[in-house]
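# Structural description and commentary
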Amino acid sequence: MAQPDPAKLLELKTLLARHVPAEGPLETSLGGVYVYKTSHPHTRQPERYDAGVVIMASGKKRCYINNKLYNYNAGDYLAVFLPMPVEVEVVEASPEDPLLLVGLKLDLRRLAELLLQLDRLEAPSTHAQDNTSSTSGIFAAPLPNDLLDASIRLLKTLDNPADQAVLSQNIITEIYYRLLVDNNTRELSHLLAQRGQIQQIARAVDHINQHLDEPVVIATLAAAANMSTSHFHKCFKDVMHMSPLQYAKSMKLFKAQSLIQAGAQVSQAGYAVGYNSAAQFSREYKRHFGMAPSVKVAAS
């Protein structure tokens, strides 16, 4: 696999160091684009990843989904196509050489429209060549130079309001295109070939996240995905790397965590995501996050 141009990777790192002077995530003035810096490693911590692409300029991270490991280091990118509960570990970061990245939230409707356009053009690079690959809603890969170059140009628009207003959306569209035609991974090719299945699972995922206060009914989710219950269960695990019930429980707990961080009482947060027993909610929250829900921590 081709590796990114070291000079361009250094340029991306320099831009990020200038635009994210403080620790943590920072939303930019570009809609859906954020930058992130951390100077310290940390062990595995549960996080919720929304649909997006993370482009690494420096440092090393690991992402786990049910102990399936995705490494993404300087010169790599991680793409997530559906909201996912994950565990994240920062492996390499220091005050002298912090971890720096730029992230772009993916608009799946916009992505689907671009896919249709590519299909009309019959772009050969967007069709799967290997049907043995696993369908997955997440993958990591080396950063292609075309995608790296577009990311640099996008960050440069932050320095010029006119460039930002005129050019940024076109560059974001280019980033989407570069993601879709990148042949670094068999997973992406297979994902594109199976996008109808991905979209079906996406409808079930959306139903879960829109009804976190309700019990999970597999038949209802299968109907939303227009699948039989047995086929739905297998396809969901292929895409999300966990069962629908595991996924729903994790997303309920992440929602409860955000409510507690926003000031809700523990009992209110548990009830809001469908827990009628405060004791059960507290047990499952502690098992998931490693601390009681009464322990408030800053949002990451």
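Residues numbered from 1 in each chain as written. Predicted model: local features only at pLDDT ≥ 70, side-chain atom pairs only at ≥ 80, totals over all residues. Heavy atoms only, no water.

Regarding its fold elements, the chain presents 11 helices and 10 strands. Looking at the 300 residues of the chain, the share that counts as buried comes to 48%. In the chain, of all internal contacts separated by at least 6 residues, the share reaching a separation of at least 24 is 74%. When the accessible surface of the chain is split by element, carbon and sulfur atoms take 51% of a total near 14,500 Å². (Helix = DSSP H or I, 4+ residues; strand = E, 2+ residues; numbered from the N terminus. Buried < 20%, exposed > 50% of the residue type's maximum accessible area, 1.4 Å probe, protein only. Contact = heavy atoms within 4.5 Å. Areas by Shrake-Rupley, 256 points an atom, 1.4 Å probe, with all protein chains shown as cover.)

Another point: the confidence of the model for the chain. The predicted model of the chain has a mean per-residue pLDDT of 87, with 88% of residues at 70 or higher. Low confidence marks residues 123-133, where pLDDT is under 50. Its contacts with residues over four positions away, or in another chain, come to 21 contacts. Confidence drops under pLDDT 50 across residues 185-189; counting only partners more than four residues distant or on other chains, this segment forms 17 contacts. (pLDDT = per-residue confidence, 0-100.)

Here the focus is the sheet that holds strand 6 (residues 68-73). Spatially, four strands are ordered 3-8-5-6 in an open sheet, and the strand pairing comes out antiparallel. The sheet terminates laterally at strand 3 (42-49) and strand 6, the two strands that pair on one side only. If you compare each strand with its neighbour and ignore which way they point, the axes differ by 25 degrees on average. Sheet topology places strand 3 next to strand 8 (residues 84-92); six bridges connect them, and they run antiparallel. In the strand pairing of strand 8, H42 is matched with V90. Where helix 9 (residues 244-261) meets the sheet, its contacts fall on strand 3 and strand 8, and the angle it forms with strand 8 comes to roughly 70 degrees. (Pairing = 2+ DSSP bridges. Axes fitted to C-alpha atoms, helices over the stretch in contact; angles between N-to-C directions.)

The subject of this paragraph is the nonpolar core. Counting 39 residues, the largest nonpolar core has L12, L16, I55, Y77, V102 and L155 as the members making the most contacts within it. When neighbours within four sequence positions are excluded, L16 is seen to be in contact with V35, A57, L100, L101, V102 and L155. V88, L221, F236 and A248 belong to the second largest nonpolar core, which has 38 residues in total. (Core = buried A, V, L, I, M, F, W, Y, C linked by side-chain atoms within 4.5 Å.)

Right, let's talk about the packing of aromatic side chains for a bit. Across all of its chains, the model carries eight aromatic pairs by this definition. Residues Y77 and F139 carry aromatic rings whose centres are separated by 5.8 Å and whose planes lie at 80 degrees to one another, so their mutual orientation is edge-to-face. Here Y77 is found in strand 7 (residues 76-80), whereas its partner F139 is found in strand 10 (residues 138-142), with 62 residues between them in sequence. The exposure classification of Y77 matches that of F139, with both residues buried. On the numbers, 5.8 Å between centres and 70 degrees between planes, the contact of F236 with Y247 is edge-to-face. Here Y247 lies in helix 9 and F236 lies in helix 8 (residues 229-240), a separation of 11 residues in the sequence. Per residue, the accessibility class of F236 equals that of Y247, and both read buried. (Phe/Tyr/Trp six-rings, centres within 6.5 Å; stacked < 30°, edge-to-face > 60°.)

Further remarks concern the packing of helix 1 (residues 6-19) against helix 3 (residues 145-156). Two elements in contact, helix 1 and helix 3, have axes separated by 10 Å at closest approach and are oriented at 30 degrees. The angle between helix 1 and helix 3 falls in the class roughly parallel. Here helix 1 runs over helix 3; the crossing is left-handed. Side by side, helix 1 and helix 3 meet where K8, L9, E11, L12, L15, L16 and H19 of the first sit next to L148, D149, I152, L155 and K156 of the second. Looking at side-chain class alone, the contact of helix 1 with helix 3 contains seven nonpolar, one polar and four charged residues. (Parallel < 35°, antiparallel > 145°, perpendicular 65-115°, else oblique. Left-handed = near helix turned anticlockwise from the far one by under 90°. Nonpolar A, V, L, I, M, F, W, Y, C, P; charged D, E, K, R; others polar.)

Here we take up the pairing of strand 1 (residues 24-27). Taken together, the four bridges between strand 1 and strand 2 (residues 33-38) define a ladder with antiparallel strand orientation. If you follow P25 over to strand 2, its bridge partner there is Y36. Two successive antiparallel strands, strand 1 and strand 2, enclose a turn made up of five residues, where G32 displays a positive phi of approximately 80 degrees.

Here we come to the sheet that holds strand 9 (residues 99-105). Strand order in the open sheet formed by six strands is 1-2-9-4-7-10, with antiparallel pairing between adjacent strands. Pairing within the sheet leaves two strands with one partner each, and these edge strands are strand 1 and strand 10. Geometrically, the sheet is characterised by an average inter-axis angle of 20 degrees between neighbouring strands, direction not taken into account. As judged from the six bridges shared by strand 2 and strand 9, these two strands associate in the antiparallel manner.

What follows deals with the side chain of S39. By secondary structure assignment, the location of S39 is in the loop between strand 2 and strand 3. Excluding its chain neighbours within four sequence positions, the residues that come into contact with S39 are E23, A93, S94, P95 and P98.

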